[in-house]
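Tertiary structure, described
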Amino acid sequence: MVQENMEHPFLKYLRSAMIPHIWCPGCGNGIVLNSLVHAIDELQMDLDNLVVVSGIGCIGRTAGYTNTDSFHTTHGRSLAFATGVKLANPELDVVIVSGDGDLFAIGGNHFIHAARRNMGLKVICANNFNYGMTGGQQGPTTPLESLTTTSPHGNIEHPFNLVHLAAASGATYVARWTTLHVRRLTHSIKKVLQKEGFCFIEVISPCPEIFGRYNRMRSGLEMMEWFKKASVVDSFSDPAKAEITPERIVVGEFVDVEKLSYEKLLHEKISKINEKAMEQMS
Ligand code: SF4
């Protein structure tokens, strides 16, 4: 018998006043949020120590839906805000959940420099290949020849290979999954939540409402069928060779190394400067 008024066990992780969410049927954003919440739950993380930061775009709503301290920031500036949060209190776990347009077009410079510095930030990027929220314009990850509202004859700009970009910029952890690989995605999120330094997870996520509709995949299911057909799990392969094509989406972990984070190096540096100053004063 179903108990009346039984609360969903994960409701504590969500801001119920913000639900129902705004995402379209078949959108992958809910799967990304679900994986994040599962990871937080499995690690029994202290919600008072967790900060979720998002930029502009459909997935940017995540900051509002998670029941933690959160920032829904200006366009492209999620990493700039998150850097400030981490530097103000390095003990906080800071997770950025944002889209390909926000993180890699207007926010591209923030991304490469946060990765280069090895800021202790965990970035989850829902890559839906277009600017879904603003009407489906072509973005920095739109595959060649794909149709969007601003490339009605097919995209002629070469897209970023995000895992290669993240690895080349210095990220200590880089993985790519699709929304079909829920368990592996959750496992990766758990891993980065326990890891030092700048970590990046790309999630190929369906936008059936706009990108799918323009590219003859009108439902979330059709997009997931594409992911299933095209995905190849090839862990620790060369990220430079992991360009996404309609026929092949290489998924897996690409980088997992240890490197001192910016905030730790900064702390060490300040301690040394203070020690020296004390010596000179004595
Ligand atoms: S427009 Fe696309 S990305 Fe945005 S909520 Fe709808 S399906 Fe999801």
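Here, the structure is the one placed above.
Let's talk about the overall build of the protein
Within the protein one finds ten helices and ten strands. For the protein, the C-alpha radius of gyration of 20 Å lies close to 19 Å, the compact-globule estimate for 282 residues. Projected onto its principal axes, the C-alpha positions of the protein cover 75 × 55 × 35 Å. Out of the 282 residues belonging to the protein, those deemed buried represent 48%. Long-range contacts, defined as pairs at least 24 residues apart, comprise 66% of the intrachain contacts of the protein with a sequence gap of at least 6.

Section: the environment of isoleucine 204
The topology assignment puts isoleucine 204 in strand S8 (residues 199-204). Residue isoleucine 204 is classed as buried on the basis of its 27 C-beta neighbours within 10 Å. Put simply, isoleucine 204 and isoleucine 244 are 40 residues apart on the chain and 10.0 Å apart in space, counted from C-alpha to C-alpha. Once you skip the residues sitting within four places of it in the chain, isoleucine 204 turns out to touch Asn127, Thr178, Thr179, Phe227 and Ile249.

What about the sheet that holds strand S4 (residues 121-127)?
Spatial strand order, S2-S1-S3-S4-S8-S7-S10-S9: eight strands in an open sheet with mixed pairing. Bordering the open sheet on either side are strand S2 (69-72) and strand S9 (231-233), each of which pairs with just one other strand. In this sheet, neighbouring strand axes are inclined to one another by 20° on average, regardless of whether the strands run parallel or antiparallel. In this structure, strand S7 (residues 173-178) lies alongside S8, joined through six bridges in parallel fashion. What sits directly across from threonine 178, in S8, is isoleucine 204. Against the sheet, helix H6 (residues 162-169) engages S4, S7, S8 and strand S10 (249-256), with an angle of about 170° to S7.

Details of the environment of alanine 115
In this structure, alanine 115 sits in helix H5 (residues 108-117). Residue alanine 115 is classed as buried on the basis of its C-beta count, with 25 C-beta atoms lying within 10 Å. In sequence terms alanine 115 and leucine 36 are 79 residues apart; their C-alpha atoms lie 21 Å from each other. Dropping the residues within four chain positions of it, alanine 115 is found in contact with Ala166, Ser169, Gly170, Ala171 and Phe198.

Notes on unusual backbone geometry
Phi is mostly negative for residues that are not glycine, and the peptide bonds are mostly trans. Residue proline 20 follows isoleucine 19 across a cis peptide bond; omega there is 10°. Following the sequence through the fold, proline 20 ends up in the segment before helix H1 (29-42). Not every positive phi belongs to a glycine, and glutamate 145 is a case in point at roughly 70°. Residue position: glutamate 145 is located in the loop between strand S6 (137-138) and H6. In this model, phenylalanine 236 sits at a positive phi of 60°, which is unusual for a non-glycine residue. On the secondary structure map, phenylalanine 236 appears in the loop between S9 and S10. Residue classification places phenylalanine 236 among the exposed residues on the basis of 10 C-beta atoms within 10 Å.

Here's the deal with the site of the ligand
Taken together, the neighbourhood of the ligand is formed by Trp23, Cys24, Cys27, Asn29, Cys58, Asn128, Gly132, Met133, Cys207, Pro208, Glu209 and Ile210. In terms of residue count, helix H8 (residues 208-214) provides more of the shell around the ligand than any other element does, three residues in total. Grouping the amino acids of the shell around the ligand by side-chain chemistry returns eight nonpolar, three polar and one charged.

Cut-offs used in this document
Residues numbered from 1 in each chain as written. Predicted model: local features only at pLDDT ≥ 70, side-chain atom pairs only at ≥ 80, totals over all residues. Helix = DSSP H or I, 4+ residues; strand = E, 2+ residues; numbered from the N terminus. Rg over C-alpha atoms; globule rule 2.2 N^0.38 Å. Buried ≥ 20, exposed ≤ 12 C-beta atoms within 10 Å, placed from the backbone. Contact = placed C-beta atoms within 7 Å. Pairing = 2+ DSSP bridges. Axes fitted to C-alpha atoms, helices over the stretch in contact; angles between N-to-C directions. Near = placed C-beta within 6 Å. Nonpolar A, V, L, I, M, F, W, Y, C, P; charged D, E, K, R; others polar.

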